Amino acid sequence: MAVLFGTVAIAANITLQLDKGTFQVAGWNATAEPAGGWASVFSVYAGKGDVPALLGSYEVENHVLVFHPRFPIGAGVHYRAVFSAPGSNAGADKAEAEFDGPARATNALTRVERIYPSTDVFPSNTLRFYIYFSAPMSRGEAYQHIHLIDADNNKPVDIPFLELEQELWDQNNQRLTVLFDPGRIKRGLVPTDTIGPPVVEGKHYKLVVDADWHDARGVHLVEAFEKDFRGSPSDRKPAEPKTWQVTAPKAGSTDALVVVFPKPMDYVLLQRMIGIFDSHGEIAGKIAVDRNETEWRFTPRDAWKSGTYRITADNTLEDIAGNHLDRPFDVDKFETITKHISTDTTSVPFSVR
Amino acid sequence: MRHMFFKTVGATCLTAALAFSASIPGATTGKVSIKSAGALAFGADGVLFIGDSVGGAVVAVDTRDTRASAKGASIDIKGVNEKAAALLGTTPDQILINDVKVNPISKNVYLSVSRGKGPDAVPVILRVDASGKLAEFSLDKVQFASAPIADGPASNPSGRGGDPRNDTITEIAYVNGNVIIAGLSNQEFASDLRSIPFPFKGETASTGIKMYHGSHGRYETQSPVRTFIPYMIGNTQYVLAAYTCTPLVKIPVSELKPGAKVEGTTIAELGAGNRPLDMISYKKDNHDYLLLANSARGVMKLDAANLEQYKPIVAPSDVAGIPYTTLTDLKGVKHLTKLDDGNALLLVDNGGSVDLRAMPLP
C-alpha cells in the first residue's frame, strides 16, 4: 500500500496522521478514556455530508491515540479525521486533516473469453448461456451490460433474460450464468403467448456484452464482445443416451473414449455429470468437450484394459434447451413424448478390446 | 404472515417472562464466519437467518434484539448506500445492499451488505435503530448455528467435477418451526426448495423438495421458486410463491416434505416481462392485502380477501385470479418488507443513490 499523506492540519503541536493503515493523534497525551469514549474526541469520516463515522477500534500506544479502521484503507476513498480534545474550546486543542486512499486502478485488463453454447444456432427455447471472463468481475451490474440484439432490424429484444438481483456467478466471479426468461420459453404461459420467445426461429441475433462492465478491480473491460447466432426451431426432445454414438478405444492404449451427441449439450454440466465406470467403480481420467458441445471425450489416466465399461450420466444432464436425459424441459402431459425413468442416472455399456 | 407475526410476539413474551435462555438450542458462541450475506429472515425470539450463498449455508444468529416495540421508526435515509460506504470505508459504488428485513419484535431494520463486489467482497450486517442511525451488527461474538444447504464437494476419484455448483439463495422464511429456503443454481435449472427444521440438527444438507410448475393443467416444468411468504388461508398454513417463470401460486406447507414432488396452484398471472422481487401481506381496515414489488411493473397491491375462493387459473384465457392494482408512483423499488402494522419499508434505487424509507401501507 502506498504511504498516504494528504493535507495535514496542525493545531498547536497536534498532528493527525495516517500511518500504516491507522489514524493517529500525535502530539497529544492520551491518558484516560473520556466518558463519551474515544470516539467523542477522535473520529474519522470516509464520505461527504451527514455520514456515520468510519468503523474501527481505538488503542493508546505510548500515549498516542490510534484508530484502527475495521477495514483496510480503501482505493479511491477520501478520509477526514477530526480531533477535539476533551473539554477544549475552539482553537488550540482541535485538529482536522484529510487523506486519500491509494488511487483506483484504471488500466483495463479483463475480457470476455468465450460464451457457451458455442454453436451459432440456438433453438428458440434455449434456456441459458455462460459468459467466461479472463479475470474476476464485479457483481450487481450484469443485466445493464448484456443485450440481445435482433440483427435483422438492429433493435434490442425487450427483457429477454431472467434478471436476477442475485446474479449467478461461479465462486471466483469469472463465469456468469444467464437464463433466458423461463416464462417466455415454457409453453402455455401468458408471457410466451403474448410476447413470444426471446429467440425466434429463422431470425439472426447478436449477443452483446458492453465494454463498460466493471471487473472486480472496478475497471471496465478491454473491449465489448459480440456473438452472432441464428434462431432455430424449439427443441423439446429429451437428449436420450440411446441416441449417443460411442467410439470405444483400444485395450492397452490411453486413447480417448469419444461420445457424440445428436445436439449440443450444456457445457458446464458435461464437466461433471458423466463418468466412466468399470466393475470396480469410477475410473480416473480427463474430460474434454468439443465440436460445439456435441462431443465428449474421456482420456483415462491409466491404459484401458480389455473388458466391459459403462458410461453413466445423471439424468439431470441438460441440452442447451434445458431438456433432461429422461424428460423434456416442459412435459406435455397430454402428449407424453417419453416415459419417465425413475432412476437418477442412465448407463450406456461399451467394450474395450 | 400476520398469523406468524402474532405467534412470534406471543412466544417472545413467554420467553422473556420465563428466563433469558438461549434462543438457539445447541448454538455456538463466537465469531460467525460467513462468505456472503444475502437473503435475510427473522424467526422467533430475535433469531436472524442469514443466507450465505457462497458458503452454501443458512446461519441462524441470536441478535438478542428482543425489546418489543409496536411501531417502527419513521425511517427516511437518503443515500443509505453512501452512508454504508462511509461506515465501511469504501466508495458507494463498492456497496451492494442484498436484502432488508425488520425484526418483528423490536422493529429494528437489518440489512445484508457486501463491502466490495468481487469474489473477495466482505459480508456485513448493518442495523438501523429506532433513531434512524445506521450501525454495524457485529457477528464477532454472537450465538449462532448453521445448516449447510449445498452438498459438500463430491469426493471423486476420477477427477471429474468441473467446478462445484453454486446454489444462490433467493428467499428465506421461518414457518412453524421450519426454515424454508428457495434457491437457484448457477448450473442445472431444476433447483430444490428446502425445508430445514429449526433448531438445526446435524451437518447433513437437507433433502430438497422438487418444485414443479404446471401451466394450465398441461405443461409441467421442474421450476425454481424465486420468492415466497408464509400465509394463512382459512386454517391452513400456505406459502404464496412466485416461480422464476412469473405466476403466483399457493402451496400448502404440509406438502413441503423432503424428497416430495410439489406443484403449486396458480392464483395470479402477473404479466409478461415481469419478475416479483418481494412480497408482504397485511391487513388494513379489516381487509387482507398483498403488496408485491416487481421488476418491470412497479409495486402491485393485490386483494387477498377470501384467497381460497379464487379458482385456479387453468387456461391462458382465464381472467380469474386475484384482482390487483399497480401503484404507479413507486419506481425503482428493489426491496419491500413490512415495518409494522401500518407501514412498509422500501429500498429504492434512484439511479445510483439508494434510499431506505418507510411508507404507510396503501
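This section reports on the structure supplied with the text. (Residues numbered from 1 in each chain as written. Chains lettered and ligands numbered in written order. Predicted model: local features only at pLDDT ≥ 70, side-chain atom pairs only at ≥ 80, totals over all residues. Heavy atoms only, no water.)

### Considerations on the overall build of chain B
Summing up its helical and strand segments, chain B has 2 helices and 27 strands in all. The 362 residues of chain B split such that 62% are buried. A fraction of 52% describes how many contacts in chain B between residues 6 or more apart in sequence connect residues 24 or more apart. Surface accessibility of chain B: about 13600 Å² in total, with carbon and sulfur atoms responsible for 52%. (Helix = DSSP H or I, 4+ residues; strand = E, 2+ residues; numbered from the N terminus. Buried < 20%, exposed > 50% of the residue type's maximum accessible area, 1.4 Å probe, protein only. Contact = heavy atoms within 4.5 Å. Areas by Shrake-Rupley, 256 points an atom, 1.4 Å probe, with all protein chains shown as cover.)

### Here we look at helix α2 (residues 80-88) of chain B
Burial analysis of α2 of chain B places 8 of its 9 residues in the buried class, the great majority of the element. Positive phi appears at G89 of chain B, one or two residues downstream of α2 of chain B, with a value of about 65 degrees.

### Comments concerning the pattern of salt bridges
The tally for this structure, following the rule as stated, stands at 24 salt bridges over all chains. Between R291 of chain A and E295 of chain A there is a salt bridge, with the nearest N and O atoms lying 2.9 Å from each other. According to the relative accessible area criterion, R291 of chain A is exposed, its value standing at 58%. The buried category is assigned to E295 of chain A, whose relative accessible area is 9%. A salt bridge links D288 of chain B to K283 of chain B, with the shortest nitrogen-to-oxygen separation between them at 3.3 Å. A residue is classified by how much of its surface remains accessible, and D288 of chain B, at 12% relative accessible area, is buried. K283 of chain B sits in the partly exposed class, given a relative accessible area of 39%. (Salt bridge = Lys/Arg side-chain N within 4 Å of Asp/Glu carboxyl O.)

### As for the side chain of T170 of chain B
Inspection of the secondary structure puts T170 of chain B in strand β11 (residues 167-175). Judged by relative accessible area, T170 of chain B falls into the buried class, the value being 9%. Polar contacts involving the side chain of T170 of chain B include one to the main-chain carbonyl oxygen of R226 of chain B, which spans 2.8 Å. What T170 of chain B contacts, discounting residues up to four positions off in sequence, is Q166 of chain A together with A39, A182, G183, L184, V225 and R226 of chain B. (Polar contact = N/O pair within 3.5 Å; in protein donor to acceptor, adjacent residues only side chain to side chain.)

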